[in-house]
Amino acid sequence: MIERYTRDEMGKIWTEEAKFKRWLEVEIAVCEGWESIGKIPKGTAEKIRKNAKFDVKRIQEIEKTTRHDVVAFLENVRESLGEEGDYLHFGITSSDTIDTAMALALRDSAQILIGDLKDVLDTLKSRAYEFKDTLMIGRSHGVHGEPISFGFVLALWYAEMKRNLDRLEYAKETVSYGKISGSMGTFANVPLEVEEFACKRLGLKPAPISNQIIQRDRYAHYLSTLAIVAATIEKIATQIRHYQRTEVREAEEYFYRGQKGSSSMPHKRNPVLSENLCGLARLVRANSLVALENVALWHERDISHSSNERVILPDSNIALDFMLYRLNNILKNLVVYENNMLKNINLTRGLIYSQRVMLKLVEKGAEKNKAYECVQRSAMESWEKGLDFKELLKKDPYIMRFITLDELDELFDPKYYIRRIDDIFNRVFDR
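Note that the structure is a prediction, hence the values are computed from the model and not measured.

Here is what the cut-offs are and how they apply
Residues numbered from 1 in each chain as written. Predicted model: local features only at pLDDT ≥ 70, side-chain atom pairs only at ≥ 80, totals over all residues. Heavy atoms only, no water. Helix = DSSP H or I, 4+ residues; strand = E, 2+ residues; numbered from the N terminus. Patch = residues over 30% accessible without salt bridge, like charges linked within 9 Å, V, L, I, M, F, W, Y side chains within 5 Å. Areas by Shrake-Rupley, 256 points an atom, 1.4 Å probe, with all protein chains shown as cover. Salt bridge = Lys/Arg side-chain N within 4 Å of Asp/Glu carboxyl O. Core = buried A, V, L, I, M, F, W, Y, C linked by side-chain atoms within 4.5 Å. Buried < 20%, exposed > 50% of the residue type's maximum accessible area, 1.4 Å probe, protein only. Contact = heavy atoms within 4.5 Å. Axes fitted to C-alpha atoms, helices over the stretch in contact; angles between N-to-C directions. Parallel < 35°, antiparallel > 145°, perpendicular 65-115°, else oblique. Left-handed = near helix turned anticlockwise from the far one by under 90°. Nonpolar A, V, L, I, M, F, W, Y, C, P; charged D, E, K, R; others polar.

### Re unusual backbone geometry
- Positive phi, close to 50°, is recorded for H299, a residue that is not glycine.
- On the secondary structure map, H299 appears in the loop between α10 (272-293) and α11 (304-333).
- Unlike most non-glycine residues, R349 shows phi in positive territory, near 60°.
- Mapped onto the fold, R349 is located in the loop between α12 (338-345) and α13 (354-363).

In structure tokens, the structure reads:
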């Protein structure tokens with residue numbers, strides 16, 4: 001089985017052809033709005049819809065002269081129209097067309113990303129239950145802490161991705177606003193009714209107030225949300241990269257038939273897919289910073305945002321679509337080595353049970369600081385001399401004054417640490 005990225009819905013949204021189709025849809029919706037209040041002849045919008053044509057190469061040719069993409073687009077479309085073309089772009093400004101059309105692109109892109117994210121959530125939930133009781137060591141600072149389960153890790157990732165789904169759905173709503181309010185946004189040459197009609201026709205909401213453009217805090221919010229989703233993907237990918245380290249080898253990416261890990265070392269199996277995701281997360285995160293810098297523009301607008309938005313908006317959406325697809329593939333096919341997880345639990349010769357021993361001492365009447373001091377002394381000796389932690393505890397007279405040998409054995413049971421895993425899963429998955 002070879003991973004191939006064959007979905008092209010997202011890429012199609014961001015082609016030049018699709019962009020001009022959206023521009024034309026906005027222009028037609030505006031004409032319909034003018035018709036609805038009786039300001040242009042009935043049937044104008046229908047004639048435009050029936051007859052209007054554009055050609056990307058022709059638009060680019062005209063733009064060499066006009067030095068203005070919207071003007072070039074309009075001139076090209078009017079070449080296919082009769083007198084109805086006089087009402088195309090009537091009373092509105094370029095950003096009315098561009099920004100309202102961009103709302104359509106962002107809305108549709110967000111919907112694809114929401115679907116991608118739901119696929120990842122389904123996979124995380126399935127695999128979380130698969131490994132709900134699979135013991136492994138938990139780590140802080142990269143150092144062994146106490147036992148957890150691999151299902152617990154996956155459930156944690158699920159909960160974060162669920163928050164990302166909520167964020168993304170809200171971000172979709174935030175960018176689903178159009179504006180048909182004229183050059184400075186004051187509706188001097190186009191009434192509010194036209195904007196309301198056109199936006200409703202397009203499935204958008206009218207911005208309550210705008211100047212010449214849709215305010216870029218909306219785009220900044222959207223791309224910041226994409227950056228947070230990418231950060232979660234990077235978090236998961238980084239963890240998988242750690243699990244695949246030779247010294248750890250608790251989980252690894254599926255190694256496909258015919259795959260090569262190195263041009264020189266035949267034994268290599270590298271976490272290249274996860275590393276790829278970490279690199280792309282940096283790109284999406286960097287683009288969100290550009291979007292934040294686009295919020296501050298001169299007065300009612302300048303166009304310092306325009307050039308970079310042609311890059312950051314398609315790139316971030318396409319990249320995150322790919323990242324979620326790839327992450328889902330990694331998670332579905334992740335190879336989990338349960339025996340190595342158990343082996344790593346025992347790697348420190350019982351040191352991971354130190355807190356439980358200390359708490360038991362306090363429970364049985366030992367003074368807290370003294371209990372900590374005694375347990376730590378045996379722990380440090382175990383670290384430094386490679387000795388069995390439990391055997392060292394047995395030699396400490398203060399500790400054995402409070403704890404029996406049978407009780408001590410019970411304290412070294414890793415299953416104790418996941419005894420509430422069902423309750424946690426009930427919380428996470430709303431069972």
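What follows picks up the thread again.
### Thoughts on a nonpolar patch on the surface
- Together, V143, M380 and W383 make up an exposed nonpolar region whose accessible area comes to about 280 Å².
- Mapped onto the elements, M380 comes out in helix α14 (residues 368-385).

### Overview of the nonpolar core
- By size, the foremost hydrophobic cluster in this structure holds 90 residues, and its most contacted members are F150 and M161.
- When residues in this core are grouped by element, the largest group, 13 residues, is from helix α9 (residues 217-243).
- Dropping the residues within four chain positions of it, M161 is found in contact with L117, V120, L121, L124, T232, I233, I236, L324 and L327.
- Counting 36 residues, the second largest nonpolar core, distinct from the first, contains I28, V56, L81 and L104.

### Here's the deal with the packing of helix α2 (residues 16-36) against helix α3 (residues 44-51)
- Taken N-terminus to C-terminus, the directions of α2 and α3 make an angle of 160°; their axes are 8 Å apart at the nearest point. Classed by the angle they form, the pair α2 and α3 counts as roughly antiparallel. Between α2 and α3 the crossing geometry is left-handed. Here L24, E25, I28, C31, E32 and E35 of α2 lie close against α3, whose contacting residues are T44, A45, E46, I48 and R49.
- Across the contact of α2 with α3, the residue classes break down as five nonpolar, one polar and five charged.

Read these as layout, nothing more, since geometry by itself doesn't imply function.
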